[in-house]
Amino acid sequence: MKRPVYIREASAIGPQPVFDTDRLERVEAYTGHPLRSIVPALRRYVDPVRGRRMEKVARIGLGAALNALDRAGGALPEAIIVGTGLGCMESTERFFVPLLHNNEDVPNPTAFIQSTHNNVAGQIALATNCTGYNFTYLHRGISFTSALLDGWMQVGLEGRGTVLVGGAESITPDYYTVQRRSGIWKQHDVPNLEVLKATDGGALCGEGAAFFVLGDGPGPGPAVRVVDVDISFRGGPGSLRDRVHAFLDRHGLSADAIDLLMIGRNGDGPQDTAYAPVETDLPLATHAAFKHLCGEFHTANAFGLWLLWSGLRTGHLPGEAVLHRGARSNMRWGLLVDHFQRKDHSLVLLERCGPEHPDAQALPSGCADQLR
Amino acid sequence: MSDRVVITGMGVISALGVNVEENLRALLEERSGIGDITILPTRHRGVIPVAEVALDDDALGALAAPRSQRSWTRTALLGLCAAKEALAQAGIDPAAARTAFISATTAGGIDKTEPVYDQFYLPEIPDEVAQYLGTHDPGDHAQRIAAELGFNDLVTTISTACSSSANALKLGDRLLRHGLTDVAVVGGTDALCKFTVNGFNSLMILDREPCRPFDRDRAGLNLGEAAAYLVLETEAHARARGAAVLAVVSGHANTNEAFHATASSPDGTGAYEAMRQALAMAQLAPEDISYINVHGTGTLNNDASEGIALTRLFGSAVPPFSSTKSFTGHTLGAAGAVEAVYSVLAIRNEVHFANLRWRTPLAEAALVPVVRTQRGARVRHVLSSSFGFGGNNTSLVLSAPVQQG
């Protein structure tokens, strides 16, 4: 039995002021990178003493997770599913580097315990007394969408009522250096709001956490449902464009049906070209981007989904997010198209249910319309 | 009635051997793979025993035979060996159908980062070092193996500590039941590395001798390295292409104790619930289980709580059980898949494997494991458990491929 899967509520922490709200009102501009999270006071959710000992990815993950549950009316999850590309890298390094430098004389085991990649999901389970299903995916750019696919299956196909899914990432300075040297980051600083015009390689590095309370019924706010999730390595056997059309076909939708396209452009010129055919095929949709706002990181698409959800739900998107203004102001169908390093590809289809949003504003024209 | 999910291929590499056949022979002959460290460069050589795959990285690379040897970590090479064996047995080309690759690991590719870490930060990085930039994270091995073998659909990696690859099997089964993929290659891989050896050593749970799971006088676990993958598909899909069915996936459950970051609850609630729910999904009663491949790490904490959970679930009639970690050590992210392979071998070869070095029942539960290899045992349903850090518990029920009623 297939049931609709709703996003009851969501919460995000990241380089944009998005905590405990469903809309991004005022976009934060940065001149360099990595872009760092604006960490709100989390006293409500994370004991300050324990919080200080917790590494950032766990702190922002726990904060966003518990805030999302709060916003969903104090929902208790039956399952907790987290995606994180690097997991608890800070604790890993805290144990690992002294070990290498001191002939395997290791510090106390606390850092080792905290380095376990499922630590964030475990912390959320402890905080919510959730003894149900607890999973963590660590697979680079599809870490979060793997969690989303799993949660979508749990609610839509396996009868669970409330499932918490999310992504969290915070890069350490050392690993930032490693990744920069491996060529995935820009070697120089570029203002984040300009980066999508870049033609050279590399992206701006970012971080953040975003969590979603999935449920079998809508939440307190306007209802948005997760229609489907598709993940593929290298975009599948054909092109990304083929993959997108096949995905929409499965739901009887033509490309023209999509109202809002959330695209994973990150300013890495050569890699961004992968999106162009998809954008060309969806001329009626409004095109928006998110990675120039949050930076690129393994679970950036969790923020992308947050922004897509926010746009469908509130009818509002900040002008800085919009690349191309579509033909329709009402938004029902939203599509996230994202890849990481041309390997990990994700497609997510959302639908806003119910009548037109009463205060849907006409979307502002994009700052980057000149891109195409 | 949804179509049953069956196993049609398996591959494993561990301290017991580089393929399924070698692993089976060692198990039958009660030859443990636990011994002194010979390959991992660590000061713990001669002090901490482990279960190493008896091939250095060059020999392992030659065996795994990727198209290019560049950037392959030991974790990825182990995985490639086992994945190739599983695909060959099943006769599956990952590029031909919707074939998911669901892998699992705990340490990922850190093994190759360890020897060169500081060189990552030199002004000029030598090429032999640069090849390992960004191979540390858990997803690296799965992408590398997927690219090598031609996977192009869902490729993902699970990391839930010691239950990781049991959870890969669980996810594969669910995807198939829902018709979201046609074939799922599931399993995990973990190479020995300084990080885990020193980590577990700092927790003071490594036995200085070969481990003694479920023994009153046990003194901890031994670490091992391994990879194992299984090919899953629906029974209809297997039939349609004429593939031989090795076993059936009957049940699985994942629970979380929400008790403590590393320890299991002393009353074994999480373990009990995982086993109970897996049986419920399989629609089996406790007495239907012919053999249990227990988690049985050999630590004081695990074996006590697992023993209590077994007694709670099975009462005075606990089925024959053993911990094959007494052969392979604890292979962490690979353990669930390795033990799933062994469970299928138990079914197919009508055998209960031995729990080596056992002498005295636990103080917490008067349980006697299988102490010598039992041949000629009729094995219909096997329960295999993997319990991890963070109280992440997974149990699987695998069954003989009899015709359904």
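Per-chain numbering applies: the sequence of each chain, read as written, is numbered from 1 onward. Going through the entries in the order they are written, you letter the chains from A and number the ligands from 1. Note on the predicted model: pLDDT of at least 70 is required for a residue's local features to be given, and 80 or more for side-chain atom pairs to be given and counted; whole-chain, interface and lining totals, by contrast, use all residues. Remark: hydrogens and water are excluded; side-chain values derive from all non-hydrogen atoms of the structure.

Attention shifts here to the packing of aromatic side chains. The relation between two aromatic rings is expressed through the spacing of the ring centres and the mutual angle of the planes. Ring geometry is summarised as follows: Phe, Tyr and Trp rings, the Trp one being its six-membered ring, pair when their centres sit within 6.5 Å, and such pairs are stacked at plane angles under 30 degrees, edge-to-face over 60 and tilted between the two. In total, this model carries 18 aromatic pairs over all chains according to the counting rule given. Judged by centre distance (5.7 Å) and plane angle (90 degrees), the ring pair of A:Phe95 and B:Phe195 falls under edge-to-face. Note that A:Phe95 is positioned in helix 3 (residues 89–101) and B:Phe195 in helix 8 (residues 194–202), a pairing that runs across two chains. The classification of residues rests on relative accessible area computed with a 1.4 Å probe and restricted to protein chains. Under 20% of the type maximum is buried, over 50% is exposed, and intermediate values are partly exposed. Judged by its relative accessible area of 0%, A:Phe95 is buried. Relative to B:Phe321, the ring of B:Phe214 has its centre 5.1 Å away and its plane inclined at 65 degrees; by these criteria the two rings are edge-to-face. In this pair, B:Phe214 is assigned in the loop between helix 8 and strand 6 (223–224) and B:Phe321 in strand 10 (residues 321–322), connecting sequence segments 107 residues apart. For the pair formed by B:Phe214 and B:Phe321, the shared burial category is buried. These aromatic residues form a ring-pair network of at least three members: A:Phe95, A:Phe96, A:Phe112, B:Tyr117, B:Phe120, B:Tyr121, B:Phe195 and B:Phe200. Its end group placed over the ring of B:Tyr272, B:Arg312 keeps NZ or CZ at 4.0 Å from the ring centre. Under the scheme used here, helices are H or I runs from DSSP no shorter than 4 residues and strands are E runs no shorter than 2 residues, and both carry numbers assigned from the N terminus. Definition used: whenever NZ (Lys) or CZ (Arg) falls within 6 Å of the ring centre and also within 35 degrees of the ring normal, the charge is taken to sit over that ring.

This next bit is on the domain arrangement of chain B. Many authors give the size of an interface as the accessible area that is lost as the parts come together. Residues and elements named next belong to chain B. Splitting chain B by domain gives domain 1 (5–240) and domain 2 (251–399). Taking only C-alpha atoms, the centre of domain 1 and the centre of domain 2 are 21 Å apart. The interface of domain 1 with domain 2 comprises 63 residues on the first partner and 65 residues on the second. Together domain 1 and domain 2 conceal approximately 4,800 Å² of surface at their shared face, both sides included; 69% is due to carbon and sulfur atoms. By convention in these notes, a salt bridge is any Lys or Arg side-chain nitrogen within 4 Å of a carboxyl oxygen on Asp or Glu. The partner of Asp 303 in a salt bridge is Arg 218, and the shortest N-O contact between them spans 3.9 Å. Reported domain spans reflect what an automatic or database domain assignment gives. Residues are treated as being in contact if the distance between any of their heavy atoms lies within 4.5 Å. Note on terms: buried area is the combined drop in 1.4 Å-probe accessible area of two parts once they are placed together, counting the loss on both.

As a further point, take the domain arrangement of chain A. Residue and element names in this part refer to chain A. Domain annotation for chain A reports domain 1 (6–215) and domain 2 (224–371). Spacing between the C-alpha centres of domain 1 and domain 2 amounts to 22 Å. Listed by partner, the interface residues are 59 residues for domain 1 and 49 residues for domain 2. Of the roughly 4,400 Å² buried at the junction of domain 1 and domain 2 (both faces included), carbon and sulfur atoms supply 66%. When the area that domain 1 buries against domain 2 is broken down by residue, the three leading residues are Ile 7, Arg 23 and Leu 196, summing to 16%. Counting the contacts that link domain 1 with domain 2 gives two salt bridges. Between Arg 313 and Asp 22 there is a salt bridge, and its shortest N-O distance comes to 3.0 Å. Here a polar contact means two N or O atoms within 3.5 Å. Within protein one must be a hydrogen donor candidate and the other an acceptor candidate, and residues neighboring in sequence count only if both atoms are side-chain atoms. Inspection of the domain 1/domain 2 interface yields 17 residue pairs in polar contact (both at pLDDT 80 or more). The residue makeup of the side of domain 1 that touches domain 2, split by class, is 28 nonpolar, 19 polar and twelve charged. Put simply, Ala, Val, Leu, Ile, Met, Phe, Trp, Tyr, Cys and Pro go in the nonpolar bin, Asp, Glu, Lys and Arg in the charged bin, and everything else, Gly too, in the polar bin.

Here we come to the pattern of salt bridges. Scanning all chains against the criterion turns up 47 salt bridges over all chains. One salt bridge in this structure joins A:Arg3 and A:Asp216, with 3.2 Å as the shortest N-O distance. Here A:Asp216 lies in the loop between strand 5 (208–215) and strand 6 (224–233) and A:Arg3 lies in the segment before strand 1 (6–13), a separation of 213 residues in the sequence. With a relative accessible area of 27%, A:Arg3 lands in the partly exposed category. With its nearest N and O atoms 3.1 Å apart, the salt bridge here joins B:Arg70 to B:Asp127. With B:Arg70 in the loop between helix 2 (57–64) and helix 3 (74–90) and B:Asp127 in helix 5 (residues 127–130), this pair connects stretches of sequence that are 57 residues apart. Look at B:Arg70 and you get partly exposed, because its relative accessible area is 40%. By relative accessible area, which is 47% here, B:Asp127 ends up partly exposed. A single network of salt bridges, built from pairs that share partners, joins A:Glu9, A:Asp20, A:Asp22, A:Arg44, A:Asp70, A:Arg71 and A:Arg313.

Okay, the interface of chain A and chain B next. Taken together, the contacts link 61 residues of chain A with 65 residues of chain B. A buried area of about 5,200 Å², summed over both sides, lies between chain A and chain B, and 60% of it is on carbon and sulfur atoms. It is A:Glu104, A:Arg181 and A:Phe233 in chain A that bury the most area against chain B; as a group they hold 14% of the surface buried on that side. Summed over the shared surface of chain A and chain B, the number is six salt bridges. In this structure, A:Asp105 and B:Arg43 form a salt bridge, with 3.3 Å as the shortest nitrogen-oxygen distance. The interface formed by chain A and chain B contains 33 residue pairs in polar contact (both at pLDDT 80 or more). Among the elements of the structure, helix 3, helix 4 (110–115), helix 5 (119–128), strand 3 (133–137), helix 6 (143–156), helix 7 (173–181) and strand 6 of chain A are those that each provide at least two residues to the side of chain A that touches chain B. Looking at the side of chain A that touches chain B, the element that brings in the most residues is helix 3 of chain A, giving nine residues. Looking at side-chain class alone, the side of chain A that touches chain B contains 29 nonpolar, 20 polar and twelve charged residues.

Residue and element names in this part refer to chain B. In terms of burial, strand 13 (residues 381–388) is largely enclosed, as eight of its eight residues are buried. Burial along strand 13 is two-sided: His 381, Leu 383, Ser 385 and Phe 387 and Val 382, Ser 384, Ser 386 and Gly 388, pointing in opposite directions, are all buried. At least two DSSP bridges between two strands are needed for those strands to be called paired. As defined by bridge partners, strand 9 (residues 291–293) adjoins strand 13 across three bridges and the pair is classed as parallel. Looking at the pairing, Ile 292 lines up with Leu 383 of strand 13. Note: strand 13 against strand 14 (residues 392–399), eight bridges, orientation antiparallel. Bridging across to strand 14, Val 382 finds its partner in Leu 398.

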